[in-house]
Amino acid sequence: MSDKKPTPEELFSTIDYKASEKDWSKPHIKFKVGTYNHSGVPKNVEYLELPNARKWQPSDDDWQLPDNWKEIIIDGIKERLDKFRSLKIFMDICVRCGACSDKCHFFIGSGDPKNMPVVRAELLRSIYRNDFTTAGKILGRIAGARELTLDVLKEWFYYFYQCTQCRRCSLFCPYGIDTAEITILVRELLNLVGVNIDWVITPVANSFRTGNHLGIQPHGFADSIEFAVDELEELTGVKVEAPINRKGAEVLFVSPSADYFGTPHYYTLLGYLALFHEVGLDYTWSTFASEGGNFGSFVSHDLMKSLNMKIYAEAKRLGVKWIIGGECGHMWRVLHQYMDTINGPADFLEVPVSPITGTKFDFAKSTKMIHICEFTADLIKNNKIKLDKSRNDHWKITFHDSCNPARAMGLIDEPRFIINSTCNNFYEMPENTIKEQTFCCGSGAGLGTEENLEMRLRGGLPRANAVNFVHEKHGVNLLACICAIDKATLPPLMEYWVPGVEVAGVHEFVGNALIMKGENERKVDLRGEPIGEPEPELEEKQ
């Protein structure tokens with residue numbers, strides 16, 4: 001993006017859906033500022049023992065690739081075709097029906113046909129045909145085959161880092177082709193020759209080095225939790241405990257690190273602390289497993305496996321019975337769709353049973369881990385906590401289904417049940433933009449960087465458009481979600497496309513509405529703002 005950020009009207013006016021006259025098979029890549037991510041920092045590439053650590057940027061003409069980079073990539077494709085039956089199926093069965101064409105938020109926000117999922121996958125499929133199919137070897141371009149060139153590799157980087165692995169396109173594919181899987185595998189191939197982005201590489205390195213993707217040291221983590229305990233006491237008059245690294249606790253609680261170091265995530269953290277105290281949950285935090293987010297899922301299956309394993313290694317060390325995970329996105333896709341095959345069932349833990357309600361969460365009998373929304377919804381359903389919904393009356397709320405919890409684990413009803421149980425003013429966005437069909441925030445899978453801001457704003461346009469609908473119709477002033485990346489990237493998206501809409505986690509509403517034993521008279525919410533008083537602007541819209 002240029003130094004002068006375009007207005008929403010100016011950015012919107014650049015979207016053109018007319019068919020391109022250019023030959024799709026010929027790469028036409030221009031690394032425009034604002035539309036790509038910076039490369040991985042060499043020291044962190046080395047730390048992760050990934051190949052070809054060096055200083056370079058995607059805008060460079062010379063990417064300093066190994067002399068045999070093409071051979072490395074082709075061998076990598078062969079290895080993955082042998083290892084992943086799904087990859088070969090995805091390469092062979094697409095009939096280009098176009099059902100996915102207009103489903104990608106990046107296509108909607110850019111008009112670039114190579115952001116159509118069918119064409120994005122074709123960028124890899126054409127190389128597959130050229131080197132691994134008889135038709136491609138004989139007929140070449142007639143069969144849709146292309147030779148792997150440096151320009152093609154740059155094209156891969158550009159477009160597969162304009163995919164947030166949200167899987168909305170796969171929902172509409174009649175053959176079930178999972179473009180997110182293709183994206184993961186292409187990123188693996190790119191990493192074989194040292195082509196990556198820093199907002200994936202550095203968080204993964206930090207997660208191994210310090211336990212979380214922000215690189216916060218264990219003492220910093222403990223200080224953050226202690227600070228939150230003190231602030232919650234100031235707000236409510238109730239002193240809670242937040243045990244860390246306590247062996248023998250019943251439950252290990254793992255949240256994304258942004259919950260204890262970012263805003264508006266922090267208010268979600270206060271909600272967790274209040275809830276766990278009020279129900280008397282026997283739990284512990286961990287400094288080693290202080291990150292729920294799995295940035296390894298944006299790099300490779302191997303790193304995904306290693307980061308997921310940290311949670312279970314710590315559960316075993318601390319001797320807990322089962323695990324609760326916080327409001328995170330990609331942690332849950334890894335747990336629900338990869339855990340059994342990459343790490344195996346957690347046989348040393350017990351099937352989760354709520355000590356407050358007695359509910360047995362049989363669906364978690366393999367992972368031994370449930371989502372905080374499942375835990376809280378069960379408490380509310382069984383009348384185990386007292387709530388005052390009027391304490392959230394200053395908010396008019398809509399809910400963004402975060403891609404991974406919604407599409408990967410089907411967590412759709414529980415957060416809505418919690419919101420409706422803690423708030424009086426909830427409004428749904430249009431049906432084709434929520435639940436299984438939810439639009440992505442436009443910044444997941446490592447794309448939430450400042451240097452990539454233009455593409456983030458473009459990719460977030462469909463979500464912002466749906467928010468704007470309820471903002472104008474109902475006066476909605478808060479967008480709720482259950483993903484740390486969403487909480488980080490939706491605020492600038494709202495500021496740009498829908499000014500006046502804040503962002504929050506669901507457990508912020510729980511903390512506001514929760515009537516705690518021994519609390520002071522609650523006059524402010526967890527943000528320190530007066531509770532139960534609609535803003536004048538919203539009263540006028542009513």
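Cut-offs and rules
- Residues numbered from 1 in each chain as written.
- Predicted model: local features only at pLDDT ≥ 70, side-chain atom pairs only at ≥ 80, totals over all residues.
- Heavy atoms only, no water.
- Pairing = 2+ DSSP bridges.
- Helix = DSSP H or I, 4+ residues; strand = E, 2+ residues; numbered from the N terminus.
- Axes fitted to C-alpha atoms, helices over the stretch in contact; angles between N-to-C directions.
- Contact = heavy atoms within 4.5 Å.
- Buried < 20%, exposed > 50% of the residue type's maximum accessible area, 1.4 Å probe, protein only.
- Right-handed = clockwise from strand over helix to strand, strands pointing away.
- Phe/Tyr/Trp six-rings, centres within 6.5 Å; stacked < 30°, edge-to-face > 60°.
- Domains from an automatic or database assignment.
- Buried area = accessible area lost by both parts, 1.4 Å probe.
- Salt bridge = Lys/Arg side-chain N within 4 Å of Asp/Glu carboxyl O.
- Polar contact = N/O pair within 3.5 Å; in protein donor to acceptor, adjacent residues only side chain to side chain.
- Nonpolar A, V, L, I, M, F, W, Y, C, P; charged D, E, K, R; others polar.
- Disulfide = S-S within 2.5 Å.

**Overview of the sheet that holds strand β7 (residues 502-505)**
- The strand order across the open sheet built from three strands is β5-β6-β7, with neighbouring strands paired in parallel fashion. Both edges of this open sheet fall to β5 (397-399) and β7, since each of them pairs with a single strand only. Taken pair by pair, the neighbouring strands of this sheet meet at an average axis angle of 35 degrees, ignoring direction.
- Summarising the sheet, β5 and strand β6 (residues 478-481) pair through three bridges and their orientation is parallel. Along β6, the bridge assignment pairs I397 with L478.
- Sheet strands touched by helix α23 (residues 506-513): β5, β6 and β7. Its angle to β7, the strand with the most contacts, is close to 80 degrees.

**Thoughts on the pairing of strand β1 (residues 251-254)**
- Covered by surrounding structure in β1 are V251 and F253 together with L252 and V254, the residues of both alternating faces.
- Bridge count for β1 against strand β2 (residues 283-284) is two bridges, and the pairing is parallel. Looking at β2, one finds that L252 is bridged to T284.
- In this fold, β1 hands off to helix α13 (residues 265-279), which returns the chain to β2; that crossover is right-handed.
- The pairing of β1 with strand β3 (residues 322-325) spans four bridges and is classified as parallel. Counterpart to L252 in the pairing with β3 is I323.

**A short note on α23**
- The buried count for α23 comes to eight of eight residues, which makes it a mostly enclosed element.
- Residues of α23 that are buried: V506, H507, E508, F509, V510, G511, N512 and A513.
- Where α23 is buried, its residues contact α13, α17 (372-381), β5, α19 (413-422), β6 and β7.

**Thoughts on the packing of aromatic side chains**
- Counted according to the given criterion, the structure contains 24 aromatic pairs.
- Ring geometry for W199 and F295: centres 5.9 Å apart, planes at 70 degrees, overall edge-to-face. You can see W199 sitting in helix α11 (residues 198-209) and its partner F295 sitting in the loop between β2 and α14 (301-318), a full 96 residues away along the chain.
- Look at W199 and you get partly exposed, because its relative accessible area is 29%.
- Under the relative-accessibility criterion, F295 is labelled buried at 4%.

**Things to note about the domain arrangement of the protein chain**
- Structurally, the protein chain comprises domain 1 (22-196) and domain 2 (205-541).
- Here the C-alpha centroids of domain 1 and domain 2 sit 32 Å apart.
- Facing 36 residues of domain 1, the contacting portion of domain 2 comprises 36 residues.
- Note on domain 1 versus domain 2: buried area summed over both sides is about 3,100 Å², and carbon and sulfur give 56% of it.
- At the boundary of domain 1 and domain 2, one finds three salt bridges.
- Its salt-bridge partner being E454, residue K32 comes within 3.2 Å of it at the nearest N-O pair.
- Put simply, domain 1 and domain 2 have 17 residue pairs in polar contact (both at pLDDT 80 or more) between them.
- Among the elements of the structure, α2 (42-47), α5 (105-110), α9 (168-172) and α10 (179-192) are those that each provide at least two residues to the side of domain 1 that touches domain 2.
- Sort the elements by how many residues they give to the side of domain 1 that touches domain 2 and α10 lands first, with seven residues.
- Considering only residue class, the side of domain 1 that touches domain 2 consists of 15 nonpolar, 13 polar and eight charged.

**Focus: the environment of C483**
- With respect to the helices and strands, the residue C483 is situated in the loop between β6 and α22 (484-497).
- We classify C483 as buried; its relative accessible area is 8%.
- Along the backbone, C483 and P405 are 78 residues apart, and their C-alpha atoms lie at a distance of 8.2 Å.
- Setting aside residues no more than four positions away along its own chain, C483 makes contact with E327, C328, G329 and S402.

**Observations concerning the state of the cysteines**
- Per the stated rule, a full pass over the model turns up zero disulfides.
- Left without a disulfide partner, C97 is nearest to the cysteine sulfur of C173, which lies 6.2 Å away.
- Free cysteine: C483, not disulfide-bonded; nearest cysteine sulfur from C328 at 6.1 Å.

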